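Examination of the molecular architecture
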Amino acid sequence: MQFGWLTLAMSPSPDEDGTRIDQIVAQACEAERLGFSDVWLTEHYFTGESVYCDSLLFAAALAMKTEKVRLGFAVVQTPFHHPVRLAVQLALLDNLSKGRIDVGIGKGTAYNEYEFVGHGLRSTDSRERMEEAVDILQRAWRESPLDYDGRFHKLHVPAIRPKPVQQPGPPLWRSVISPGSFRECGRLGLPILTARLPVERIKERWASYAAGIDEGGHDEKTRATLLAKSALWRNVYVAESDAEAEDRLAELLVETRAHMMHVRVAHNPPDFEPDPAALNAWTDPKVPDSEAVPFVLRTGSLYGSAKRVREQVAELRDVGVQHLLCQTGFGAMNHQQNLASMRRFGEQVMPAFT
């Protein structure tokens, strides 16, 4: 198995933002030291979540601070980026990192409409904007010149320079959850990210993905590479004892959810309602914490002593997971607590699987 490290860190106040950003840099460097294969950055705006906000600029700093760990985005919210500017930035990042960039692609948050409003947009056409942006990205890295006549962009680009180190460009990943999406990404030969998928569903989802790869006519080497890359995202908290881990993680999740629900009530426009299909026990404000937190502990978390977490990771391995993304920080969790959990995982769990 390979293990990635993911940050969705929150700063509790503007006064702490600078310190928290420095701490994430230190955590990412520690992830490389501990042997994590990749570091993944999230993208949110305006309320202290993903406190660095600009994941592309932040990745440039990490590219200079690290040597071998891959740098991924989970995910780039494409409607908030001009696609030519995005193509240039990602090509530069690929050069700065010597070819260590992975790019998760998304249509933007399903819940935080205020992020769209803050960029002068609404989410109603976000999928179409994403699809056009992906088309422009892929063509801009291949075609010189590029002439493009789309719904949102009409372009003439002489050339993208520098060219990405990875050819024809950095891998573009997709975030998926439904069986149909797994199968379609397999057909297209796209690496995938998924989260909060119960163990009993993982084997069938991975089988759908493998079936799609076969339907797409990809060779055995490509098939093996895609299955090895396919990543499952989990909350990870390793403590001295099972009870300590469960109690502290539950507290952090309650704090995180309270912030999440507050900013949506405070900032989302009154005419916005999230798609009911996107809601679950964690994201639905009508569900109390007494149900939401156990749901996330059950379907999206690995926690306990190192011994217990080794058993949980083995369970994932046995249903086909080869790439696990570990979110070790939750809400405004303090730096030392995060590092302690990371080190227990890196030193006491990972060696059993690598």
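For every chain, the first residue of the written sequence is number 1, and numbering continues from 1 onward in sequence order. The predicted nature of this model means local features are confined to residues of pLDDT at least 70 and side-chain atom pairs, given and counted, to a pLDDT of 80 or more, with totals for whole chains, interfaces and linings taken over all residues. Water and hydrogen atoms play no part in the side-chain values, which are based on all heavy atoms of the structure.

So, the layout of surface pockets
Remark: the empty space left among the atoms is shown by a probe the size of a water molecule rolled over them. Where we set the bar: Think of a 1 Å grid over the protein atoms and nothing else: a 1.4 Å probe that fits but is trapped marks a cavity, an open set flanked by protein within 12 Å on at least five of seven lines marks a pocket, and residues with an atom within 4 Å of a point count as lining. Grid points are joined across faces, edges and corners, and a volume is the space filled by probe spheres set on the points. All residues other than Ala, Val, Leu, Ile, Met, Phe, Trp, Tyr, Cys, Pro, Asp, Glu, Lys and Arg, Gly among them, are scored as polar; the first ten of these are nonpolar and the last four charged.
The calculated volume of the second largest pocket comes to roughly 310 Å³. The wall of the second largest pocket is formed by 14 residues, among which R264, N268, E273, P274 and P285 lie closest to the centre. Partitioning the lining of the second largest pocket into residue classes produces eight nonpolar, two polar and four charged.

Details of the nonpolar core
Let me state the cut-off plainly: Within this scheme, the nonpolar core is defined by two criteria: the residues are buried Ala, Val, Leu, Ile, Met, Phe, Trp, Tyr or Cys, and they are joined through side-chain atoms within 4.5 Å. Each residue is placed in one exposure class: buried if its accessible area under a 1.4 Å probe, protein chains only, is under 20% of its type's maximum, exposed if it is over 50%, and partly exposed if it falls in between. Any two residues whose heavy atoms approach within 4.5 Å are treated as being in contact.
Core analysis: the biggest nonpolar cluster contains 76 residues, and F73, L90 and F345 have the highest contact counts within it. The contact partners of F345, leaving out residues within four places of it in the chain, are F3, F36, V236, V238, V309, V313, L324, C326, M350 and P351. A239, M261, W282 and V293 belong to the second largest nonpolar core, which has 20 residues in total.

Structural notes on empty space enclosed by the protein
Put simply, the rule is: The helix count covers DSSP runs of H or I at least four residues long, the strand count covers runs of E at least two residues long, and both are numbered beginning at the N terminus.
Inspection of the entire model under this criterion finds one cavity of 30 Å³ or more. When its volume is computed, the largest cavity comes out at roughly 90 Å³. Together, 13 residues line the largest cavity, and A9, R20, Q27, M333 and N338 are the ones closest to its centre. Elements supplying a minimum of two residues to the lining of the largest cavity: α1 (17-34) and α12 (335-348). It is α1 that provides the largest number of residues to the lining of the largest cavity, a total of four residues.

Focus on the packing of aromatic side chains
Quick reminder of the rule: For Phe, Tyr and Trp, rings pair up if their centres lie within 6.5 Å, where Trp contributes its six-membered ring, and each pair is then called stacked (planes under 30 degrees apart), edge-to-face (over 60) or tilted (otherwise).
In the structure shown here, the tally under the stated rule is nine aromatic pairs. The interplanar angle of 65 degrees and the centroid separation of 6.3 Å between the aromatic rings of F3 and F353 together place this pair among those described as edge-to-face. Remark: F353 occurs in the segment after α12 and F3 occurs in strand β1 (residues 2-7); sequence separation between them is 350 residues. Given a relative accessible area of 11%, F353 falls into the buried group. Ring geometry for Y52 versus F58: centroids 4.4 Å apart, planes at 5 degrees, classification stacked. Its relative accessible area of 9% is what places Y52 among the buried residues. Here the aromatic cluster, defined as three or more aromatic residues joined through ring pairs, consists of F3, F36, F345 and F353.

Considerations on unusual backbone geometry
A negative phi angle is the norm for most residues apart from glycine, just as the trans form is the norm for most peptide bonds. At the junction of A74 and V75, the peptide bond is cis and its omega measures out at 5 degrees in the coordinates. Here V75 shows up in strand β3 (residues 70-77). Cis geometry marks the peptide bond from Q167 to P168; its omega dihedral reads 5 degrees. Its place among the elements puts P168 in the loop between β6 (154-157) and β7 (172-175). Phi is positive for C53, close to 60 degrees, though the residue is something other than glycine. For C53, the location among the structural elements is in the loop between β2 (38-41) and α2 (55-65). The class of C53 is partly exposed, set by a relative accessible area of 22%. Although it is not a glycine, R196 sits at a positive phi angle of roughly 45 degrees. Along the chain, R196 falls in the loop between β8 (192-195) and α7 (199-215).

Observations concerning the pairing of strand β9 (residues 231-238)
Counted only if it meets this: Any two strands between which DSSP finds at least two bridges are classified as paired.
Burial of β9 is extensive: seven of the eight residues sit out of reach of the surface. Bridging between β8 and β9 involves three bridges; their strand directions are parallel. In the sheet register, T194 faces β9, and the bridge partner there is L232. Where β9 lies against strand β11 (residues 323-327), five bridges are found, and the strand directions are parallel. Residue pairing for β11: N235 is matched across the bridge by Q327. As defined by bridge partners, β9 adjoins strand β10 (residues 301-304) across four bridges and the pair is classed as parallel. By the bridge assignment for β10, V236 is matched with L302.

Some details on helix α11 (residues 306-318)
Heads up, the condition is: Expected helix span is taken as 1.5 Å per residue step, with the number of steps being one fewer than the number of residues.
Between its first and last C-alpha atoms α11 spans 18 Å; for 13 residues at 1.5 Å apiece the expected length is 18 Å, and the two agree. Residues of α11 that are buried: A306, V309, Q312, V313, A314 and L316. Where the residues of α11 are buried, they touch β1, α7, β9, β10, β11 and α12. G320 occupies a position one or two residues after α11 and carries a positive phi of about 115 degrees.

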